[in-house]
Amino acid sequence: MTTRIESVDTPPGEARVTWHTARSARLVLALGHGAGGGIEARDLRALAAALPARGITVALVEQPWRVAGKKVAAAPRVLDEGWRGLWPALAAPGLPVVAGGRSAGARVACRTAAPLGAAAVLALAFPLHPPGRPERSRAEELLGAGRPTLVVQGGRDAFGRPQEFPAPGAGGGYELVEVPDGDHGFAVPKRAPVTQEESLGVITDAVGEWLERLAARPGPGAPGGPPRR
């Protein structure tokens, strides 16, 4: 694996991509961060460390507001604009790109995946609703992604526990993996029957296996399949 940092000009400002490049890569997994933190999130770091060995290049994306040192995330439309602006850099290696992210970054990936021609969507800690406000559901964004989608959700996530999600297969269809005892940041309490390292292993194993299935499946933009149109 090799690592490099690339600055990308986008309409809302300079974005930054930290590439964790796999040898003989088959896919690029692009991961955006949430509204309350950056690419140092434990799940993003774990995926960047684990997936290149499985032939997956991981691109950790920092939105312009974060690069500029601002404390408050930009509005959703500005986040989408920044993501669209850096997409050509993500596609530059000539590989299928899986759009992903955690929390707000997952929402961006869902909203833009189909127009950008993403191969699939990875939604980490998807914020199904604000804490304590289940009536303000964002399920429509998830179900409207229009691409094969994997949701990885903590069992204690205040933004939406796994049992609150629509049944997989309803609407747009997706797969869901639960991280037992994980909160919105996939932290587990000390009293939990699983360790923090084991919970991160659930994430990296599930995502790695899903991406390998995706890479092996002929289809538009997939390795071995017909090109995107």
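Residues numbered from 1 in each chain as written. Predicted model: local features only at pLDDT ≥ 70, side-chain atom pairs only at ≥ 80, totals over all residues. Heavy atoms only, no water.

Draft legend 1. Inspection of the side chain of Ser199 at higher detail. Tracing the backbone through its elements, the reader meets Ser199 in helix α6 (residues 196-216). Here Ser199 falls in the buried class, since its relative accessible area comes to 2%. The residues touching Ser199, leaving out its near neighbours within four places in the chain, are Val179, Phe186 and Val188. (Helix = DSSP H or I, 4+ residues; strand = E, 2+ residues; numbered from the N terminus. Buried < 20%, exposed > 50% of the residue type's maximum accessible area, 1.4 Å probe, protein only. Contact = heavy atoms within 4.5 Å.)

Draft legend 2. Quick peek at the sheet that holds strand β7 (residues 149-154). An order of β1-β2-β4-β3-β5-β6-β7-β8 is seen for the eight strands of this open sheet, with the pairing classed as mixed. The strands lining the two open edges of the sheet, one partner per strand, are β1 (2-10) and β8 (175-179). Across the sheet, the mean angle separating the axes of adjacent strands is 20 degrees when strand polarity is ignored. Of the pairings in the sheet, the one linking strand β2 (residues 13-21) to strand β4 (residues 56-62) comprises five bridges and is antiparallel in character. Bridge pairing in β4 links His20 to Val58. Helix α4 (residues 104-116) rests against β3 (27-32), β5 (97-102) and β6 (120-124) of the sheet, and its axis sits at about 145 degrees to β5. (Pairing = 2+ DSSP bridges. Axes fitted to C-alpha atoms, helices over the stretch in contact; angles between N-to-C directions.)

Draft legend 3. View of empty space enclosed by the protein. Enumeration over the complete set of coordinates arrives at one cavity of 30 Å³ or more. For the largest cavity, the calculated volume is near 80 Å³. Forming the walls of the largest cavity are 13 residues, and the residues nearest its centre are His33, Gln63, Leu79, Gly105 and Val108. Looking at the lining of the largest cavity, the elements with two or more residues in it are α3 (76-91) and α4. Partitioned by chemical class, the residues of the lining of the largest cavity number eight nonpolar, five polar and no charged. (1 Å grid on protein atoms, 1.4 Å probe; cavity = no way out; pocket = protein on both sides within 12 Å on 5 of 7 lines; lining within 4 Å. Points joined across faces, edges and corners; volume = space filled by probe spheres on them. Nonpolar A, V, L, I, M, F, W, Y, C, P; charged D, E, K, R; others polar.)

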